[in-house]
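Below, each chain spelled out in residue letters.
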Protein chains: 2
Amino acid sequence: MKKAPTIRDVAAAAGVSVSVVSRVLNPESGPVAPAKREQVLSVISELGYRPRAAARELSAGHALTVGLVVTDLANPFFAQLADRVVWEARSHGVQVVVMTTQEDPHLEAESLDTLLDRSVGGVIATPTGGNVEKWDRLRDLGVNVVFVDRAIAELSDVDVVSIENSDSARRATDHLIALGHERIALITGPASTSTGRSRIGGYRAALESASISPDPMLVRDVPFRGDGGGDAVGSLLASPDAPTGLIVANTAQVQSSVRRLVQMGVRIPDDLSVIVFDDNPWTELTSPPLTAIRQPIGMLALHSLELVLGRMQGRLPAGARTIEVMADFVPRSSCAAPARLATSKSATR
Amino acid sequence: MKKAPTIRDVAAAAGVSVSVVSRVLNPESGPVAPAKREQVLSVISELGYRPRAAARELSAGHALTVGLVVTDLANPFFAQLADRVVWEARSHGVQVVVMTTQEDPHLEAESLDTLLDRSVGGVIATPTGGNVEKWDRLRDLGVNVVFVDRAIAELSDVDVVSIENSDSARRATDHLIALGHERIALITGPASTSTGRSRIGGYRAALESASISPDPMLVRDVPFRGDGGGDAVGSLLASPDAPTGLIVANTAQVQSSVRRLVQMGVRIPDDLSVIVFDDNPWTELTSPPLTAIRQPIGMLALHSLELVLGRMQGRLPAGARTIEVMADFVPRSSCAAPARLATSKSATR
DNA sequence: TACAAAAGTGGAACCGGTTCCACTCGGTTA
DNA sequence: TAACCGAGTGGAACCGGTTCCACTTTTGTA
C-alpha cells in the first residue's frame, strides 16, 4: 500500500517551493513564471499528484460538496432528481452527499447536523416541514439552502424550486371537466405543505370556473409515506356518491393508488377517469396507459443546483428566489367521458 | 453569519487543554478525570460544538465516507440499491458520496479520481468493465473496494456481492420448460460481464437438462444502456421461428423490452410467456402482471456495506470474499403453456 | 541613469482536529 | 524513606493544503 504524494513532494521534485505549486494549482492566486509552471505541471502528472480535498476544505472553511436531502431514493421522483443533481454537479466539479429522511423530522435533523460537520457549501432538500430553527441555524452558519418540490411556510426567505403546482392541478381538473365530469376527486399531499395547498387551490379554481360546487369529501390530503393513497381510493370509491374522475396529485402515492385501483378491478376509463402526477416510465405500460402530469425533473435539478452553486460563489443577488417551472400535460388513454351508467347508478342510490 | 465553535473554543470555555477535549471526544485515546469529562461535555452541548469532518480526515488520512459508483439512479435497481446503502451507512455514522458513470469507463475513471481526492475509506461499485489498472491503483492506495451486481474477470481479488445469477436464470428457464416451452429466448447483459455469462450459463444448463438443443439466435446479450432490449425483442419476434417464451435478464433493459412488447401489441401470455429480472413495483401493475425474478436489493446493499466497513475497520481476514444471495422467483400471470396456434404458425413457415 | 512599479518567489502562519511526549501528582511497593 | 508506577494533563508537532507577506529580480518610465 503506497502513500499518495503531497504538495511538498511535488515542490521538492520540481525544485520549487510549495507556494509555487499551490499557485499553479490555483491560477488566480498569484503569478508563476511560464517555465516553472510547465515544470511543475510535468512533475504533477509524472507523480500522479492530486490535491487532497480534506486539506483544501480545512483551510477554505467550506467544501466543494452539496448535500441532497430527500425522503428516499426508492421513490422514482427523488431517484431521478438525485440522478440529475449528481450529473449536473459532476460537470461543475462538485460532489453530492445524499441523505434520506424517510419523511421523519428527527432523521432530517440528524442529516443536517451531519452535513454541517462536513462543511457542505449548500443543501438541496425536500423538507419534511419540521426543524424550522435547524434550517435557520444552517443558513446562519453560511450554508446555502434550496428547497425543491416543496416549501415551508415559516421559512419564507429560502430559495424554492418547484413546478407550477396550482396551474398543473388546474389543467388536470379542466381536462376532466371538459370531458363532462362533475364529481372529480383529488388525492394530494398534506395540506400543511405548500405543494398540497397549491394543488388544492388549482383544483378548486378550475371547479369554480366551471360553476361546479366543490365537495370537501372529494379532496383527500394524505401523508407522503404509508399507504394513504390506496386507502383514499378505497374510501372514495366505496362512497354512495363515488367520483367519476380522479386526480392523484401526491407523487409519492401514485403507485399505491394505482395498485388499489387494479386490485379493486376498477375499469379505467370506463368506471373512472384517472390522471396522475408522475412521469414514471411505467405509467405508460399499464393498461390503459395513464394520462399524466409530467414533472420536468431535469429542470428542477438544474435550477436547484444553479441556485446553490450561484449562492456558493456569491454571484447571486441577495433575497430569496422562487422558481416555478411548467409541467407537461401528457394525455394518454385513462380519461374518457363519464359513463351514463355510472351517473345513473350513483343517482339511484 | 456566525462562526461555528472549534475545539479550542471548547477548551477555553471549559478551562482545559485541547488534548483533554479531544480525549473526551475519542474515549479510547486516553484517560480523562470524570469531573472534567462532565465539564467538557456540558460546554460542548452548551456551545453546540461539532467536530469538523475535514480536520479529522486530514489528520486521520482517510474519511468516514464511502463512495457509491453506479450507472445511473434513474434505473430503479440502482436507485433502490443507493437507497438501502445510504440508509445502512447512516446507521453506522458513515456518509455516502454518489457518483454515476452512465456506463462510460471514462466517466468512471473520473469518478474514481474524485473519490480518491476525497480520501474515501471504501467504494461500492457496479464496474463498467474498464479501468482495470485504475481499480488496482485505488486498492493500492488503501481504498477498500466492493463490486456489487457484477464482477470484473481481470480483478479476481476484489470482494463481490451479487445474486446467484446462474441459479436464477436456470430457475426462470426451468419454469418455462415445465410449461411446455422449447423455444425460449434470453435477453441478458453483455457477455463481457460476469453477470451476463453466468445467466447464459444457467439458461443453457436448464435447456441441456431438458435435452433441448440451444439455439444461439435466441440468446441476445445487449448493452446495459440504450434501447438494446427493445431492439432484441423486435428482432426475436420478427424471426420466422419466433420464441414462445422470453426471459429478460438484463435489469436495465426490462423497461425497454416490455415497452416494445406493448407497442407491438404482443398478447402476454397468449403469444409469448415473459419472465423479467426486476422487482420494480410497477411490474405487477402491468397487464398481465409480470412473472419476475426479484433481486433482494436490501441484502445486496447490506452485504456490500458490511464488507466495506469491515475492511475499513480491519476486522475482516485478508482474501477476497464473494457473496451470492438467493433471488426470489415471483410467479404472476405472464407465463402460460405455449399456444398450439403459435407452434403451428411457426411450423408452417 | 535612476527609481518606481510589477512580476516572481519562498518562508511561515493558519485552518481544526489528533497524537505523541514530557511532566506532575497521588498512591504502592521494596 | 526512596524508588516506582499509573492516571491525568497540557504543549507542540503534524496532517496537506492556502494565503499573506517580505523579499528579490525584472521591466517600464521619466
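Bear in mind that the values here come from a model prediction, so they are computed numbers and not experimental data. Residue indices follow the written sequence of each chain, beginning from 1 at its first position. Here the convention is simple: chains get letters from A, ligands get numbers from 1, in the order in which they are written. Reporting in this predicted model follows two pLDDT cut-offs: at least 70 for local features of residues, and 80 or more for side-chain atom pairs to be given and counted; totals over whole chains, interfaces and linings ignore these cut-offs and use all residues. Each side-chain value is derived from all of the structure's non-hydrogen atoms; neither hydrogens nor water enter the calculation.

(A) Spatial organisation of the nonpolar core. Put simply, a nonpolar core is a bunch of buried Ala, Val, Leu, Ile, Met, Phe, Trp, Tyr and Cys residues held in one set by side-chain atoms that sit within 4.5 Å of each other. Summary of the burial criterion: residues with accessible area below 20% of their type's maximum are buried, those above 50% are exposed, and those between are partly exposed, where the area comes from a 1.4 Å probe applied to protein chains only. Among the nonpolar cores identified, the biggest contains 136 residues, and L81(A), L246(A), I247(A), L81(B), L246(B) and I247(B) are the most heavily contacted of them. Contacts of L81(B), omitting those with residues within four sequence positions, involve V70(B), V148(B), I297(B), L300(B) and A301(B). If you look at the next biggest cluster of nonpolar residues, it comprises 37 residues, including L115(B), L116(B), L138(B) and V145(B). Residues are treated as being in contact if the distance between any of their heavy atoms lies within 4.5 Å.

(B) Broad picture of the protein's contact with DNA strand D. Not every one of the 26 residues close to DNA strand D is listed here, only the nearest: I7(A), R8(A), Y49(A), S19(B) and A33(B). Consider each residue's heavy atoms; a residue with any of them within 4 Å of a molecule or strand counts as near. Counting only the atoms of DNA strand D that lie within 4 Å of the protein, the sugar and phosphate share comes to 56%. Any pair of nitrogen or oxygen atoms within 3.5 Å is treated as a polar contact; in protein, a donor-acceptor pairing is required on top of that, and neighbouring residues in sequence qualify only through side-chain atoms on both sides. Within the backbone of S17(B), an N or O atom sits 3.0 Å from a phosphate oxygen of DNA strand D. Here a strand is any run of E in DSSP of at least two residues, a helix any run of H or I of at least four, and the numbering for each starts at the N terminus. Counting only elements with at least two residues in the surface near DNA strand D, the list comes to α1 (7–14), α2 (18–25) and α4 (53–60) of chain A together with α2 (18–25) and α4 (53–60) of chain B. Here the residues of the surface near DNA strand D are counted per class, giving 11 nonpolar, 8 polar and 7 charged. Each residue is assigned to one class: nonpolar for Ala, Val, Leu, Ile, Met, Phe, Trp, Tyr, Cys and Pro, charged for Asp, Glu, Lys and Arg, and polar for all the others, Gly among them.

(C) Up close: the UniProt feature "domain: HTH lacI-type" (unreviewed entry) in chain A. Under the present numbering, the feature "domain: HTH lacI-type" (unreviewed entry) in UniProt falls on residues 5–60 of chain A. Within residues 5–60 of chain A, the helical portion is 68% and the strand portion 0%, while the C-alpha atoms at the span's ends are 21 Å from each other. UniProt positions are given in the numbering used here, feature names are shortened, and annotations may be inferred rather than shown by experiment.

(D) Focus on the packing of aromatic side chains. Residues and elements named next belong to chain A. To pair, rings of Phe, Tyr and Trp, with the six-membered ring standing in for Trp, must have centres within 6.5 Å; the planes then decide the type, stacked if under 30 degrees apart, edge-to-face if over 60, and tilted in the middle. Applying the stated rule across the entire model yields 4 aromatic pairs over all chains. A ring pair is formed by W135 and F147, whose centres lie 5.0 Å apart and whose planes are at 85°; its orientation type is edge-to-face. In this pair, W135 is assigned in helix α7 (residues 132–140) and F147 in strand β4 (residues 144–148), connecting sequence segments 12 residues apart. For W135, a relative accessible area of 0% translates into the label buried. Consider the ring centre and the ring normal. A charge sits over the ring if Lys NZ or Arg CZ is within 6 Å of that centre and within 35 degrees of that normal. A cation sits over an aromatic face here: R150 above F224, 3.8 Å from the ring centre.

(E) Expanded view of empty space enclosed by the protein. Cavities and pockets were defined on a 1 Å grid built over protein atoms only: a cavity is a set of grid points that admits a 1.4 Å probe from which the probe cannot escape, a pocket is an open set flanked by protein on both sides within 12 Å along at least five of seven lines, and lining residues are those with an atom within 4 Å of any such point. Grid points are joined across faces, edges and corners, and a volume is the space filled by probe spheres set on the points. Within the structure shown, the criterion is met by 2 cavities of 30 Å³ or more. In this structure, the largest cavity encloses a volume near 110 Å³. Taken together, 15 residues line the largest cavity, and the ones lying closest to its centre are D149(A), F224(A), N250(A), T251(A) and A252(A). For the lining of the largest cavity, the secondary-structure elements that each account for two or more residues are α5 (76–91) and α9 (194–209) of chain A. With 3 residues, the top contributor of residues to the lining of the largest cavity is α9(A). Looking at side-chain class alone, the lining of the largest cavity contains 5 nonpolar, 7 polar and 3 charged residues. Two domains each put at least three residues into the lining of the largest cavity: domain 2 (59–163 + 298–325) and domain 3 (165–294 + 330–348) of chain A. Computed from the structure, the second largest cavity encloses a volume of approximately 50 Å³. Along the walls of the second largest cavity sit V86(A), A89(A), R90(A), V94(A), Q95(A), V96(A), V98(B), M99(B) and T100(B), which together make up its complete lining. Every element with two or more residues in the lining of the second largest cavity is listed here: α5 and β2 (95–100) of chain A together with β2 (95–100) of chain B. Class assignment of the residues belonging to the lining of the second largest cavity gives a composition of 6 nonpolar, 2 polar and 1 charged. Domains are outlined according to an automatic or database domain assignment.

(F) Molecular detail of the interface of chain A and chain B. In this assembly, 56 residues from chain A lie in contact with 56 residues from chain B. Buried surface area refers to the total accessible area, computed with a probe of radius 1.4 Å, that the two partners give up upon joining, counted for both partners together. Between chain A and chain B, roughly 5,200 Å² of surface is buried when both sides are summed, and carbon and sulfur atoms account for 59% of that area. In terms of surface lost to chain B, no three residues of chain A exceed R118(A), W282(A) and L285(A), which account for 15% of the buried area on that side. Salt bridges, as used here, are contacts in which a Lys or Arg side-chain nitrogen is within 4 Å of a carboxyl oxygen on Asp or Glu. Where chain A touches chain B, the interface holds 10 salt bridges. Residue D140(B) is joined to K2(A) by a salt bridge in which the shortest nitrogen-to-oxygen separation is 3.2 Å. On the surface where chain A and chain B come into contact, there are 23 residue pairs in polar contact (both at pLDDT 80 or more). When residues of the side of chain A that touches chain B are traced back to their parent elements, those giving at least two are α4, α5, β2, α6 (105–117), α7 and α11 (254–263) of chain A. If you tally residues by element for the side of chain A that touches chain B, the top one is α5(A), at 7 residues. Looking at the side of chain A that touches chain B, its residues break down into 25 nonpolar, 14 polar and 17 charged.

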